[in-house]
Amino acid sequence: MKPTDIRDPDTFHKVVDCQWACPAHTPVPEYIRLIAEGRYADAYMVNWHSNVFPGILGRTCDRPCEPACRRGRVEENNGAKPEPVAICRLKRVAADFKGDVSARMPRPAVTSNGKRIACVGAGPSSLTVARDLAPLGYQVTVFEADPKAGGFMRTQVPRFRLPESVIDEETGYILDLGVQFVGNHRIDSMRELLGQGFDAVFVGSGAPRGRDLDLPGRKEAAAHIHVGLDWLANVYFGHVEKVGKRVLVLGGGNTAMDCCRSARRLGGEDVKVIVRSGFDEMKASPWEKEDAMHEGIPILDFRVPKTFVNQDGQLTGMTFEKVRAMYDEKGRRQLVPTGEPDEHFDCDEVLIAVGQENAFPWIERDLGIAFDEEWDMPVVDKVTHQSSLPHVLFGGDAAFGPKNIIWAVAHGHAAAISIDKLLAGEDTRLRPAPDVHLLSQKMGIHEWSYDNAVSPDERYLVPWSEAAKKLDSIQVEVELGFDALTAFKETQRCLNCDVQTVFTRDKCIECDACVDICPTDCITFTANGDEADLRKRLTAPALNLEQDLYVSKPLKTHRVMVKDEDVCLHCGLCAERCPTGAWDMQKFLLLETYAGPGCRGAKAREAA
């Protein structure tokens, strides 16, 4: 294998599994250490720089960082239940305890650069575009069909999960940057919008249409059957204040979980979730399913809806066909009937949450914006977020279909870079390199400026509000969040994966002291070879192919040092034990470069 080039930002970035997995690449260990020090405002601003909505995401994020967390893998390898660090809930701690950070926010631009940007929709992707561009002097106008900013974060996420005050605060930070917000204004024509002379248009309108089910009995009982997304919005606006006692929720995503838990709080006594797939294949996050079941809501899987049952125009129930999953040689799933009798469930109301769809009837098809034939979605470049009409860009659910808030934020950052480069006359496919720092943590011969004593504690649980346990109010937030002491304890579970073990070949005397002391056998000195061969010859075979090996240049004995980054604990014992200082603990900090001078010219690199 060729020696590892630690000058490549991705080399150590991939080792910081949580940050690598985060679409916005938030430097997770950095803000966790700040929380441990009680520097909550600093931790909040680290988050705000990357993910824009720390308080919102600390309650609602889909948490792609947590399944990637090294702590979970370490515990699983030791035979324990994998419990990653509670990264998401620590993000909320930074938001809850930060105090007043308004003075630390960017100020509105003093002068305009003369460029006008329109954002369609005031959801997370559009607001991220506005946040990145407004301080640079762009005149950003955000159009929103609803009266307040936030998009689906406000209208589809229930208040018992996300208080409105948090949305008001974090959208307010962006609107205060001089952004012009036009509420109660639905864009009905792209042609008309383009005719207003905007230099660029960003579409962040989400996936506003929930899918329906055209089954026998649907029309006859229409008054008692609701599309979940529309129903949640009607709950938010106060148009729906109660439900029937028996409610069936169809679907296995997070929207279905929000529907069933909302129904319990609006008077549903017998609420069931029924899903076509298996329980483990549901798209809902594991914690969302756990919370629903904790509130007494059963989830019944492998049942395909067949009919709505009516009696004299009144919905009385539904029938379902029981199925099982079969997989072909390519791993593709097919649901096949089990042959058992159909099941009938009584109900007074049905909430349909079987997916979301994009709807672009307002974009005329003769403007030069190409749409694909399969889904009638705009053709969007995955790097630049530009459509075939270069100054019209898409992000969030409007670009590639429904995902989650953190992905929408990442799209907004990327689109803002494209707009800034496009209007500066630069190639939008040349993307900016991140800002990378690699700094030794050495304070003495065997002393480090970070705490490498990792707590053996199990993951701490977030307490629930006693008032929320009554399930009688849709406004009372369920989770209380960590208090300061519990938050500190949870931070100590972090393995400091961003503090890297950096090897200097010329200092190594090949004494193997690091090999002897390594608690996970992740260091090996051996003859070089191709990667597949080398992975098998390590002290502990490197089985995770997604994590790269760290390979040195040849040593004096012509062997190479090979380190399996997948199982390293970043404990620093190799560096403490090394008699020559060949190993050093160096903090790796990567911050994405956003729109502005840093994204242009010499710093740009060709996108992968």
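In the block above lies the structure referred to throughout.
Residues numbered from 1 in each chain as written. Predicted model: local features only at pLDDT ≥ 70, side-chain atom pairs only at ≥ 80, totals over all residues. Heavy atoms only, no water.

(A) Region of interest: the sheet that holds strand 4 (residues 200–203). Spatial strand order, 3-2-1-4-16: five strands in an open sheet with parallel pairing. The open sheet has two free edges, formed respectively by strand 3 (180–182) and strand 16 (392–394), since each of these has just one partner strand. Adjacent strand axes in the sheet meet at a mean angle of 20 degrees when their direction is disregarded. The pairing of strand 2 (residues 139–143) with strand 3 spans three bridges and is classified as parallel. The residue bridging valine 142 from the neighbouring strand is phenylalanine 181, located in strand 3. Running at roughly 165 degrees to strand 16, helix 17 (residues 405–423) makes contact with strand 1 (116–120), strand 4 and strand 16 of the sheet. (Pairing = 2+ DSSP bridges. Helix = DSSP H or I, 4+ residues; strand = E, 2+ residues; numbered from the N terminus. Axes fitted to C-alpha atoms, helices over the stretch in contact; angles between N-to-C directions. Contact = heavy atoms within 4.5 Å.)

(B) Fine view of the packing of aromatic side chains. A complete count under the given rule lists eleven aromatic pairs for this structure. Taking 6.1 Å as the distance between ring centres and 70 degrees as the angle between the ring planes, the aromatic pair formed by phenylalanine 12 and phenylalanine 588 counts as edge-to-face. Of this pair, phenylalanine 12 sits in helix 1 (residues 9–13) while phenylalanine 588 sits in strand 23 (residues 583–591); the two residues are 576 residues apart in sequence, bridging distant segments of the chain. The buried category is assigned to phenylalanine 588, whose relative accessible area is 3%. Each ring, one from phenylalanine 320 and one from phenylalanine 345, has its centre 5.7 Å from the other, and the planes form 65 degrees; the classification is edge-to-face. Taken together, the positions of phenylalanine 320 in strand 11 (residues 314–327) and phenylalanine 345 in strand 13 (residues 343–346) put the pair 25 residues apart, joining distant regions of the chain. No difference in accessibility class separates phenylalanine 320 from phenylalanine 345, as the two residues are buried. (Phe/Tyr/Trp six-rings, centres within 6.5 Å; stacked < 30°, edge-to-face > 60°. Buried < 20%, exposed > 50% of the residue type's maximum accessible area, 1.4 Å probe, protein only.)

(C) Inspection of the pattern of salt bridges at higher detail. Scanning all chains against the criterion turns up 57 salt bridges. Two residues, aspartate 381 and arginine 429, come together in a salt bridge whose shortest N-O distance is 2.7 Å. Linking aspartate 381 in the loop between strand 15 (356–357) and strand 16 with arginine 429 in the loop between helix 17 and strand 17 (430–432), this pair joins segments that are 48 residues apart in sequence. Residue arginine 429 is classed as partly exposed on the basis of its relative accessible area of 31%. (Salt bridge = Lys/Arg side-chain N within 4 Å of Asp/Glu carboxyl O.)

(D) Expanded view of helix 7 (residues 70–77). Burial within helix 7 is extensive, with six of its eight residues counted as buried. When helix 7 is considered as a whole, its buried residues turn out to be Arg70, Arg71, Gly72, Arg73, Val74 and Glu75. Tucked into the core, helix 7 has its buried residues touching helix 2 (17–21) and helix 6 (65–68).

(E) Layout of the packing of helix 9 (residues 124–133) against helix 17. Packing of helix 9 against helix 17 brings their axes to within 7 Å, and their N-to-C directions diverge by 40 degrees. When the axis of helix 9 is compared with that of helix 17, the two are oblique. You can see that helix 9 and helix 17 cross each other, and the crossing is right-handed. Taken together, the residues of helix 17 that come into contact with helix 9 (itself represented by Pro124, Ser125, Thr128, Val129, Arg131, Asp132 and Leu133) are Ile405, Ala408, Val409, Gly412, His413, Ala415, Ala416, Ile419 and Asp420. (Parallel < 35°, antiparallel > 145°, perpendicular 65-115°, else oblique. Left-handed = near helix turned anticlockwise from the far one by under 90°.)

(F) Examining the sheet that holds strand 7 (residues 246–250) more closely. The strand order across the open sheet built from five strands is 6-14-7-8-9, with neighbouring strands paired in parallel fashion. Edge strands, defined here as strands with exactly one partner in the open sheet, are strand 6 (225–227) and strand 9 (299–300). The pairing of strand 8 (residues 270–274) with strand 9 spans two bridges and is classified as parallel. Within strand 9, the position partnered with valine 273 by the bridge is isoleucine 299.

(G) Inspection of the pairing of strand 10 (residues 303–311) at higher detail. Sheet topology note: the strand 10/strand 11 ladder contains eight bridges and is antiparallel. Opposite threonine 307, over in strand 11, you have threonine 319 as the bridge partner. In sequence, strand 10 turns back onto strand 11 through a hairpin of two residues, with aspartate 312 there showing a positive phi of about 55 degrees.

(H) Fine view of the side chain of glutamate 66. With respect to the secondary-structure elements, glutamate 66 resides in helix 6. Residues within four places of glutamate 66 in sequence aside, it is in contact with Pro84, Val85, Ala86, Ile87, Cys88 and Arg459.

(I) View of the nonpolar core. Grouped together as the largest cluster of nonpolar side chains are 56 residues, with contacts concentrated most on Tyr44, Phe503, Ile523, Phe525 and Trp583. Among the elements that line this core, the one with the most residues is helix 4 (residues 40–51), at seven residues. Setting aside anything within four residues of it in sequence, one finds tryptophan 583 in contact with Thr501, Val502, Phe503, Cys514, Ile523, Met561, Lys563, Cys574, Ala575 and Cys578. (Core = buried A, V, L, I, M, F, W, Y, C linked by side-chain atoms within 4.5 Å.)

(J) The side chain of lysine 91, seen in detail. Position of lysine 91 relative to the elements: it lies in helix 8 (residues 87–97). Here lysine 91 occupies a buried position and makes no salt bridge, while the nearest side chain of opposite charge, glutamate 66, is found at 8.3 Å. Within the structure, the side chain of lysine 91 is placed 3.1 Å from the side chain of asparagine 47, a separation counted as a polar contact. Apart from residues no more than four positions distant in its own chain, lysine 91 is found in contact with Tyr31, Asn47, Asn51, Pro54, Leu57 and Gly58. (Lys, Arg positive; Asp, Glu negative; His and termini not counted. Polar contact = N/O pair within 3.5 Å; in protein donor to acceptor, adjacent residues only side chain to side chain.)

(K) Representation of the pairing of strand 11 within the structure. Both strand 11 and strand 13 contribute to a ladder of four bridges, which runs antiparallel. Pairing of phenylalanine 320 across the sheet is with glutamate 343, part of strand 13. Across five bridges, strand 11 lies against strand 12 (residues 333–337) in antiparallel orientation. Following the sheet pairing, arginine 324 is matched in strand 12 by valine 336. In this structure, the hairpin formed by strand 11 and strand 12 is closed by a connection of five residues, where glycine 331 is found at a positive phi of approximately 80 degrees.

(L) Geometry of the environment of leucine 549. Within the secondary structure, leucine 549 sits in strand 21 (residues 549–551). On the accessibility criterion, leucine 549 (6% relative accessible area) is buried. Once you skip the residues sitting within four places of it in the chain, leucine 549 turns out to touch Met1, Thr4, Glu531, Arg535, Leu538, Ala542, Val562, Lys563 and Asp564.

(M) Just the environment of alanine 41, in detail. Following the sequence through the fold, alanine 41 ends up in helix 4. With a relative accessible area of 19%, alanine 41 lands in the buried category. C-alpha separation for the pair alanine 41 and alanine 408, spaced 367 residues apart in sequence, amounts to 24 Å. When neighbours within four sequence positions are excluded, alanine 41 is seen to be in contact with Lys98, Val101 and Arg104.

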